[in-house]
Amino acid sequence: NAGVTQTPKFQVLKTGQSMTLQCAQDMNHEYMSWYRQDPGMGLRLIHYSVGAGITDQGEVPNGYNVSRSTTEDFPLRLLSAAPSQTSVYFCASSYSIRRGRETQYFGPGTRLLVL
Amino acid sequence: SQKIEQNSEALNIQEGKTATLTCNYTNYSPAYLQWYRQDPGRGPVFLLLIRENEKEKRKERLKVTFDTTLKQSLFHITASQPADSATYLCALMNSGGYQKVTFGTGTKLQVIP
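In this text the structure is predicted, and so the values were computed from the model without any measurement.

Caption draft 1: Molecular detail of the interface of chain B and chain A. Each partner contributes to the interface: chain B provides 20 residues, whereas chain A provides 27 residues. For the pairing of chain B and chain A, the buried interface totals around 1800 Å² over both sides, and the portion due to carbon and sulfur atoms is 56%. The tally of links between chain B and chain A comes to zero salt bridges. On the surface where chain B and chain A come into contact, there are five residue pairs in polar contact (both at pLDDT 80 or more). Elements represented by at least two residues in the side of chain B that touches chain A include exactly strand 4 (30-38), strand 5 (45-51), strand 9 (86-94) and strand 10 (101-103) of chain B. For the side of chain B that touches chain A, the element with the most residues is strand 4 of chain B, which contributes four residues.

Caption draft 2: Structural detail: the pattern of salt bridges. Residue and element names in this part refer to chain B. Using the criterion set out here, one finds six salt bridges over all chains in the structure. Here Arg37 and Asp39 are joined by a salt bridge, their closest N and O atoms 3.1 Å apart. Overall, Asp39 belongs to the partly exposed group, its relative accessible area being 28%. Ionic pairing is found between Lys57 and Glu54, a salt bridge with its closest N-O pair at 3.6 Å. Take Lys57: its relative accessible area is 29%, and that puts it in the partly exposed class.

The rules behind these values
- Residues numbered from 1 in each chain as written.
- Chains lettered and ligands numbered in written order.
- Predicted model: local features only at pLDDT ≥ 70, side-chain atom pairs only at ≥ 80, totals over all residues.
- Heavy atoms only, no water.
- Contact = heavy atoms within 4.5 Å.
- Buried area = accessible area lost by both parts, 1.4 Å probe.
- Salt bridge = Lys/Arg side-chain N within 4 Å of Asp/Glu carboxyl O.
- Polar contact = N/O pair within 3.5 Å; in protein donor to acceptor, adjacent residues only side chain to side chain.
- Helix = DSSP H or I, 4+ residues; strand = E, 2+ residues; numbered from the N terminus.
- Buried < 20%, exposed > 50% of the residue type's maximum accessible area, 1.4 Å probe, protein only.

Dropping the structure here:
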């Protein structure tokens, strides 16, 4: 198993540009989520999904869109990048709480710099 | 408002001693609480999970306690080693509703040889 994969590893954007951060998992996990991590702020939840076709907002959803058309993929879209979105982005996945196995597996992260 | 608080100051400890990290929360009713380890430039790695009806969990040199009355979890590393140096994060999922996991800010542990 590849686990949770994220692409790209690093990206530089100009203010106003849009882009999609890719996340995929091959563990058949129902739950997937996106976090951003900033110094002194810890991991903050952006959006999460409990299954294909179901998404919900986390703590800091503004400026980001998600969709979940398959179990495997959970892309994060930045609609119009702003310098405040400079951060490290982590994708994570786990089984549903109904299965009693809630360990989250994290990807390696995407480092985003918005100029 | 909801808060998960971990000591933001780094914890320095001598090799061989027991390290104890604290996670306090307010305005949550957690179904479970997790502890993760994060090394610089890497994603967090799961260590232990403890449920709301459990008081203590152990795994090798790691021990987690959970006091829902005090709204606190303690994470212990016994016989600490320099390789245990990392940032440790607690995370919890509120009971009810969707499976939404929220993290604390983490505590950096430095084990000194």
